[in-house]
Amino acid sequence: MDAVVAVAVRLVNALTPGEARGRRYSPPAADHLPAAVAEALRAGRRPPRDLTADEAAGFGMIAGALRAVFDLVASDRIDEAAREVNALLAFTGARPKLDRHDGEPWHLHFHGADDSLVTGWAAGCATGLAVVLGSDLYGRLGVCTAERCDRVYVDISRNGTRRFCSTACQNRVKAAAFRARQA
């Protein structure tokens, strides 16, 4: 599950507009979108194949739905986040299947109603978020608290106190606080 949740984070951060590290962020243009999606999917265990423009656009729509879940959790609206995940699970027709590949033992995958690349990954990401929301770990999903950044993260730290999407944002906040204290 950790791999598909990591892919969900990477898809949201790569494919949704907003702010990142203090600057306005726009998703890649259509001609660069397949490469951005492929890079996001590399967080999964298998390297992705070449993507079509239509598949890349489909991942963009899925990333928007995944972002809504992170935003709702960050604003402590867990019931609404669960409804969003349930809607995504229903949309994809997520179904479990034991798979064996790349010399690994049997393990659980979640596939979509159709076995397209987009639906399969969407089903996996939705299932991963469902597992997180259905446990006491939902507080580990977050949106960066740094000013002018709305990138998402999953807190895998031991103490569960992460507040930033990256070390860069954490350092920006610390530097701003230091400058404020010096002034």
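Computed from a predicted structure; not experimentally measured. (Residues numbered from 1 in each chain as written. Predicted model: local features only at pLDDT ≥ 70, side-chain atom pairs only at ≥ 80, totals over all residues. Heavy atoms only, no water.)

S.K.: So what's going on with the nonpolar core? Residues and values would help.
M.R.: One broad rule of soluble globular proteins: the nonpolar side chains tend to lie buried together. By size, the foremost hydrophobic cluster in this structure holds 41 residues, and its most contacted members are Leu 11, Leu 15, Phe 59, Leu 66 and Phe 70. Among the elements of the structure, α1 (2–15), α2 (33–41), α3 (53–74), α4 (78–92), α5 (117–133), β5 (141–143) and β6 (152–154) are those that each provide at least two residues to this core. When residues no more than four places from it in sequence are discounted, the contact partners of Phe 70 are Val 9, Val 12, Leu 129, Leu 141, Gly 142, Val 143, Val 152, Tyr 153 and Val 154. Grouped together as the second largest cluster of nonpolar side chains are six residues, Cys 144, Cys 149, Cys 165 and Cys 169 included. (Core = buried A, V, L, I, M, F, W, Y, C linked by side-chain atoms within 4.5 Å. Buried < 20%, exposed > 50% of the residue type's maximum accessible area, 1.4 Å probe, protein only. Helix = DSSP H or I, 4+ residues; strand = E, 2+ residues; numbered from the N terminus. Contact = heavy atoms within 4.5 Å.)

S.K.: An account of the side chain of Asp 99 is requested, with residue identities and associated values reported.
M.R.: Residue position: Asp 99 is located in strand β3 (residues 95–99). Judged by relative accessible area, Asp 99 falls into the buried class, the value being 13%. Within polar-contact distance, the side chain of Asp 99 engages the side chain of His 111 at 2.8 Å. Not counting chain neighbours up to four residues away, the residues in contact with Asp 99 comprise Pro 105, Trp 106, His 107, His 109 and His 111. (Polar contact = N/O pair within 3.5 Å; in protein donor to acceptor, adjacent residues only side chain to side chain.)

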